[in-house]
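# Close look at the chain arrangement
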Amino acid sequence: MSDIRVLVVEDEPIAAAAHAAYIGRLDGFTLAGSAPDGQSALRLMTEFAAAGEPVELVLLDMNLPDLHGLDIARRMRAAGFFADIIAITAVRELNIVRSAVATGVVQYLIKPFTFATFADKLASYRQFREQLATPGPGAAGPGASQSDVDQAFASLRAPSELPLPKGLSASTLGSVQDFMKVQSGAVSASEVMEALGMSRVTARRYLEYLADAGTASRTARYGAPGRPENEYRWLRPAP
């Protein structure tokens, strides 16, 4: 997957420079440009599209000198720009959040935030793109299966949004994560069971939790006798 072209739309020069610098520190992303207001953002998107290098992701402040972020999002769609949007804003009102979702905002990052939080959100977004770009085994033709879609949208959720289920411990979860991170490929519940000395059922519960949280992918492993067993692959660091 090629680098995702990002447009930063932010009227505060220091914040805009910080976001641009953050993009430069992340693998898989490239800064297409920065805009201090809505009209400039729409003009840049038009220019990039005409040059055959469309913007794929917009980091959009909600409060700009000329247009509200929601207005920019609507004008983008009306003009045929279907870049995804991550709202980067101090706005917390629930009606704005609901409207942001309705206009195509895929992530909502509340100011102030650290680079670690920024990096985690963008890693989730890139995983979302990768999941939809590569349908899993058994998918018919170019379309995505229900599992592909579920995993893609799960990758947009931060692990903290999923409470640790009853019976799972943070320390054991950390052990499972550490084991997965050093593996060169996907692992099964049986392999985690043998490596960490827990039951297969328990291992599967932890692996399913990580898959639902979006930190691990989940696909069927074929080739062994009996029913297919799921395998799990580590996707991104835990926060």
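All chains use their own residue numbering, which begins from 1 and follows the written sequence. In keeping with the predicted nature of the model, local features appear solely for residues at pLDDT of at least 70, side-chain atom pairs appear and are counted solely at 80 or more, and the whole-chain, interface and lining totals rest on all residues. Only heavy atoms go into the side-chain values, all of them from the structure, while hydrogens and water stay out.

With that settled, consider the overall build of the protein. Helix numbers and strand numbers start at the N terminus; a helix is a DSSP run of H or I with at least 4 residues, a strand a run of E with at least 2. Summing up its helical and strand segments, the protein has nine helices and eight strands in all. Buried positions account for 44% of the 239 residues belonging to the protein. Counted over contacts in the protein with a minimum sequence separation of 6, partners at least 24 positions apart contribute 64%. For every residue, the accessible area obtained with a 1.4 Å probe (protein chains only) is divided by the maximum for its type, and the residue is called buried under 20%, exposed over 50%, and partly exposed between those limits. By the convention used here, residues are in contact when the closest approach between their heavy atoms is within 4.5 Å.

So, on to unusual backbone geometry. Trans peptide bonds make up the majority, and among non-glycine residues the majority have a negative phi. A cis geometry characterises the amide bond from Lys 111 onward to Pro 112, with omega recorded as -10 degrees. Looking at the element boundaries, Pro 112 is found in the loop between strand S5 (105–110) and helix H5 (115–133).

Time to look at the nonpolar core. Within this scheme, the nonpolar core is defined by two criteria: the residues are buried Ala, Val, Leu, Ile, Met, Phe, Trp, Tyr or Cys, and they are joined through side-chain atoms within 4.5 Å. Grouped together as the largest cluster of nonpolar side chains are 28 residues, with contacts concentrated most on Met 45, Val 55, Val 58, Leu 60, Met 62, Met 76 and Tyr 108. Counting only elements with at least two residues in this core, the list comes to strand S1 (4–9), strand S2 (29–35), helix H2 (38–50), strand S3 (57–60), helix H3 (69–78), strand S4 (84–89), helix H4 (94–102) and S5. The leading source of residues in this core is H2, at five residues. Residues within four places of Val 55 in sequence aside, it is in contact with Arg 5, Leu 7, Ala 32, Met 45, Phe 48 and Ala 83.

This paragraph deals with the packing of aromatic side chains. When two rings of Phe, Tyr or Trp (its six-membered ring) have centres within 6.5 Å they constitute a pair, described as stacked for plane angles under 30 degrees, edge-to-face for angles over 60, and tilted for the intermediate range. Scanning the model with the defined rule gives four aromatic pairs in all. Each ring, one from Phe 113 and one from Phe 118, has its centre 6.1 Å from the other, and the planes form 15 degrees; the classification is stacked. Each member of the pair, Phe 113 as well as Phe 118, carries the same accessibility label: buried. Aromatic rings pair up to connect Tyr 22, Phe 113, Phe 115 and Phe 118 into one cluster. Only Lys NZ and Arg CZ are tested; either one counts as a charge over a ring when it is within 6 Å of the ring centre and within 35 degrees of the ring normal. The aromatic ring of Phe 48 is capped on one face by Arg 5, whose charged end is 5.1 Å from the ring centroid. If you follow Arg 25 out to its NZ or CZ, it ends over the ring of Phe 115, 3.7 Å from the centre.

Another aspect to go through is the sheet that holds strand S8 (residues 229–234). Any two strands with at least two DSSP-identified bridges between them are counted as paired. One open sheet holds the three strands; their spatial order is S6-S8-S7, and the pairing between them is antiparallel. At either end of the open sheet lies a strand with only one pairing partner, and these are strand S6 (187–188) and strand S7 (216–221). Pairing of S7 with S8, which is carried by six bridges, proceeds in the antiparallel orientation. Residue pairing in the sheet places Ala 220 in a bridge with Asn 230 of S8. Axis geometry follows a simple rule: fit a line to the C-alpha atoms, using only the stretch in contact for helices, then measure angles between N-to-C directions, giving values from 0 to 180 degrees. Against the sheet, helix H9 (residues 200–213) engages S6, S7 and S8, with an angle of about 55 degrees to S8.

This part covers the side chain of Arg 126. Residue position: Arg 126 is located in helix H5. In this structure Arg 126 comes out as buried when scored by relative accessible area, which is 13%. A distance of 3.5 Å separates a polar atom in the side chain of Arg 126 from the backbone oxygen of Ser 2. Distance and chemistry together define a polar contact, namely a pair of N or O atoms within 3.5 Å, with one atom able to donate a hydrogen and the other to accept it when in protein, and with adjacent residues in sequence counting only for side-chain atoms on both sides.

In short, the description is geometric, and any link to function would need to be established separately.
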